[in-house]
Amino acid sequence: MDSIHDVTFLVGSQSFPAHKYILAMKCDVFRKLLLSADNNQVDLPEIYQNGEDSAGCDLFVIEKVSPILFSYILQFVYTDKCDMLVHGHRPRCIQKEKIEENQDTIISDFKQLNFHENVKGKSAYEVYRNNQITADNDKKKGKGKPSKKSKNVSEDSSPVKMLQTLARKFGLSNLSS
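Conventions adopted
Residues numbered from 1 in each chain as written. Predicted model: local features only at pLDDT ≥ 70, side-chain atom pairs only at ≥ 80, totals over all residues. Heavy atoms only, no water. Phe/Tyr/Trp six-rings, centres within 6.5 Å; stacked < 30°, edge-to-face > 60°. Helix = DSSP H or I, 4+ residues; strand = E, 2+ residues; numbered from the N terminus. Buried < 20%, exposed > 50% of the residue type's maximum accessible area, 1.4 Å probe, protein only. Contact = heavy atoms within 4.5 Å. Polar contact = N/O pair within 3.5 Å; in protein donor to acceptor, adjacent residues only side chain to side chain. Pairing = 2+ DSSP bridges. Axes fitted to C-alpha atoms, helices over the stretch in contact; angles between N-to-C directions. Parallel < 35°, antiparallel > 145°, perpendicular 65-115°, else oblique. Left-handed = near helix turned anticlockwise from the far one by under 90°. Nonpolar A, V, L, I, M, F, W, Y, C, P; charged D, E, K, R; others polar.

Right, let's talk about the packing of aromatic side chains for a bit. On inspection of all chains with the given rule, the structure shows seven aromatic pairs. Seen in terms of ring centroids, Phe 30 and Phe 70 are 6.4 Å apart; in terms of plane orientation they differ by 75 degrees. Their pairing is edge-to-face. With Phe 30 in helix α2 (residues 28-36) and Phe 70 in helix α3 (residues 67-79), this residue pair connects regions lying 40 residues apart in the sequence. Classification of Phe 30 as buried rests on a relative accessible area of 0%. Aromatic pair Phe 70 and Phe 170: ring centres 6.1 Å apart, planes at 55 degrees, arrangement tilted. Of this pair, Phe 70 sits in helix α3 while Phe 170 sits in the loop between α7 (159-169) and α8 (173-176), and the two are 100 residues apart along the sequence. Phe 170 sits in the buried class, given a relative accessible area of 1%.

Here you go:
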């Protein structure tokens, strides 16, 4: 945060103050975004202008992007370096995707619960666990089919792959390669 930033990005619950000139000079997507902000003709639906921040600077909201990954993007734009590219660097945890993945699993498991047995006097955990064992047995018998989501989750859970995808989205070919 400094006294000369002129744009702020709100990603998740984190705000990132930045400088329009630097963003526009280093990244075509940011240039188009900042130029089209006056006309409200933004090409990226997950990025939209939302008035001004508390300092009176333009405020853009970015959805469906991890704040940690966005910080790596800004680091690359400002310094032409990215910690993720340094050998031995341990990336910060990207928890949002994992939380959403677990919530989807729990919700889908909940929808599959069957209460055909006598549940009176049993704890919720016992009922859930018994249903989970039944569902696992059904999958072993061939009743359940493996989901495509589980295959993609392992590919998309790599922070480097997610950063490459985001870098391509922002047109940062040097970072994505």
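This is not the end of the story, as more comes after the structure.
Within the element layout of this structure, Asp 58 appears in strand β4 (residues 58-62). Setting aside its immediate chain neighbours within four residues, Asp 58 contacts Asp 6, Val 7, Thr 8, Lys 20, Gln 49 and Gly 51. Here the side chain of Asp 58 touches Lys 20 through a polar contact of 2.5 Å, side chain to side chain. Separated by 3.5 Å, the side chains of Asp 58 and Gln 49 make a polar contact.

Sheet architecture is open: four strands sit in the order β2-β1-β4-β3, paired in mixed fashion. What marks the edges here is a single partner per strand, and that holds for β2 (14-18) and β3 (47-52). Within the sheet, the average angular offset between the axes of one strand and its neighbour, ignoring direction, is 25 degrees. As judged from the five bridges shared by strand β1 (residues 7-11) and β4, these two strands associate in the parallel manner. Looking at the pairing, Thr 8 lines up with Leu 59 of β4. Across the sheet, α2 touches β1, β3 and β4, and the angle it forms with β1 is around 110 degrees. Strand contacts of α3: β1, β2 and β4, with the helix running at about 10 degrees to β2, the strand carrying the most contacts.

At a minimum axis separation of 10 Å, α3 and α7 run at an interaxial angle of 60 degrees. In terms of orientation, α3 and α7 fall into the oblique class. Note on packing geometry: the crossing formed by α3 with α7 is right-handed. Taking contact as the criterion, the partners of Leu 69, Phe 70, Tyr 72 and Ile 73 in α3 are, on α7, Pro 159, Met 162, Leu 163, Leu 166 and Ala 167. By residue class, the composition of the contact of α3 with α7 is nine nonpolar, no polar and no charged.

Purely geometric numbers; function is a separate question.
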